[in-house]
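So the chains spell out like this:
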Amino acid sequence: MAGMTFLGVATAAGSGPPQTRRGADRTIISPVLTCCADTADLTSAPLLSRHQINLSTMSAIVFFNLETTDLDTERCHIIQLAAVCADKKINFYCVPWRSISERATEVTGLTDHDDELYLNGRPLDTVAVYYALTSFINFLRSCRRGYPRRPVLLAAHNAKRFFAPILTRLLKKFGLWYQFKWLVSGFVDTLPLSMKLYPNLSSYSRKFLADHFLGKAYKLNNALEGALILQQLFIKWDQQNDGINLDHFTSPPKYFEELRKKKRLAE
């Protein structure tokens, strides 16, 4: 059965409409969930075995990005979640239950007021965090390739210290961790990866890397653009290095699950 569209958000058939908030009589910037035809086929061994990974396996690598209320990985809320896999992408905005810090607003342009989220003063369509996370899991499921279907890799810049702990905490909070860990074989951190591949750069921020390797200005206030740029950086690095070995830059989901258990026991 074909997918359906609700308020500009394309959803999988049978998933139902997202929970949205919309300001009356205003221009709305809609979230995007775009699923295109897969473009690659995987015939290699499971991704966490020791082997070279190059872009013949691109559709099994999902590049993701989050915007959050602040930098506290134990308490922050997601205000934007975006991911890219080959030519598929998702992008959702969420109204947080926690105040957006001044620094986060300065970086992202996002503010909230009366259960509405704004980007530089313009109201946004939003979905519930639970809907964004379940849609993310369905997106990961759609990105698996091969027979039998193999788990994907999730890549982010500073994944180990920031993005993966936040995602782990929220997935466990909403009871989605079990589904998630069967779909994902590991988190790839492109920050130490870039340091290893190019040890003489003056900076390893996403903004610097985008300008240095792609000649592009990186818009810090857009998680989707950040995920797309990270994908393009990986493509460039893969071409320049004749494939990339990810063994030393990948952590399995269980690592972050155990990390959370240790933190809770220490509380």
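A few points on the structure. (Residues numbered from 1 in each chain as written. Predicted model: local features only at pLDDT ≥ 70, side-chain atom pairs only at ≥ 80, totals over all residues. Heavy atoms only, no water.)

### Some remarks on the pattern of salt bridges
Following the criterion strictly, the structure yields six salt bridges and no others. When the shortest N-O distance is used, the salt bridge between glutamate 257 and lysine 172 registers 3.6 Å. A residue pair is termed long-range when its members are at least 10 positions apart, and glutamate 257 in helix α8 (residues 253–266) and lysine 172 in helix α3 (residues 159–173) qualify at 85 residues. (Salt bridge = Lys/Arg side-chain N within 4 Å of Asp/Glu carboxyl O. Helix = DSSP H or I, 4+ residues; strand = E, 2+ residues; numbered from the N terminus.)

### A few points about empty space enclosed by the protein
Space left empty within the atom packing is revealed by a probe, the size of a water molecule, rolled over the atoms. Evaluated as defined, the whole model comprises one cavity of 30 Å³ or more. As for the largest cavity, its lining consists of Glu74, Pro165, Phe256, Leu259, Arg260 and Lys263. Within the lining of the largest cavity, the residues separate by chemical class into three nonpolar, no polar and three charged. (1 Å grid on protein atoms, 1.4 Å probe; cavity = no way out; pocket = protein on both sides within 12 Å on 5 of 7 lines; lining within 4 Å. Points joined across faces, edges and corners; volume = space filled by probe spheres on them. Nonpolar A, V, L, I, M, F, W, Y, C, P; charged D, E, K, R; others polar.)

### Things to note about the side chain of threonine 190
Structurally, threonine 190 can be placed in helix α5 (residues 190–197). You can call threonine 190 buried: its relative accessible area is 1%. There is a polar contact of 2.8 Å between the side chain of threonine 190 and the side chain of histidine 157. Not counting residues within four places of it along the chain, the set of residues in contact with threonine 190 comprises Ala155, Ala156, His157, Leu230 and Trp237. (Buried < 20%, exposed > 50% of the residue type's maximum accessible area, 1.4 Å probe, protein only. Polar contact = N/O pair within 3.5 Å; in protein donor to acceptor, adjacent residues only side chain to side chain. Contact = heavy atoms within 4.5 Å.)

### Looking at the sheet that holds strand β9 (residues 110–113)
Taken together, the three strands give an open sheet; going across it, the order is β9-β10-β11, and neighbouring strands pair in antiparallel fashion. The two strands at the open ends of the sheet, each matched to only one other strand, are β9 and β11 (122–123). Two strands pair when backbone bridges link them, and strand β10 (residues 116–119) and β11 are joined in this way by two bridges, in the antiparallel orientation. From the neighbouring strand, tyrosine 118 faces β11, where its bridge partner is proline 123. (Pairing = 2+ DSSP bridges.)

### Details of the pairing of strand β14 (residues 184–189)
Buried residues dominate β14, accounting for six of its six residues. Bridge count for strand β13 (residues 152–156) against β14 is five bridges, and the pairing is parallel. Across the sheet, residue leucine 154 finds its bridge partner in β14, namely phenylalanine 187. In terms of strand pairing, β14 meets strand β16 (residues 250–251) through two bridges, oriented antiparallel. Bridge pairing links valine 188 to threonine 250 in β16.

### Quick word on helix α2 (residues 129–143)
A rise of 1.5 Å per residue sets the reference length of α2, with its 15 residues, at 21 Å; its end C-alpha atoms lie 21 Å apart and thus fit the reference within 8%. Burial analysis of α2 places 11 of its 15 residues in the buried class, which makes it a mostly covered element. Residues Val129, Tyr131, Ala132, Leu133, Thr134, Ser135, Phe136, Ile137, Phe139, Leu140 and Cys143 constitute the buried set of α2. (Expected span 1.5 Å × (residues − 1).)

### Overview of unusual backbone geometry
Residues other than glycine seldom take positive phi values, yet aspartate 114 does so here, at roughly 50°. If you trace the backbone, aspartate 114 turns up in the loop between β9 and β10. One non-glycine residue, asparagine 158, adopts positive backbone phi at about 75°. Along the chain, the position of asparagine 158 falls in the loop between β13 and α3.

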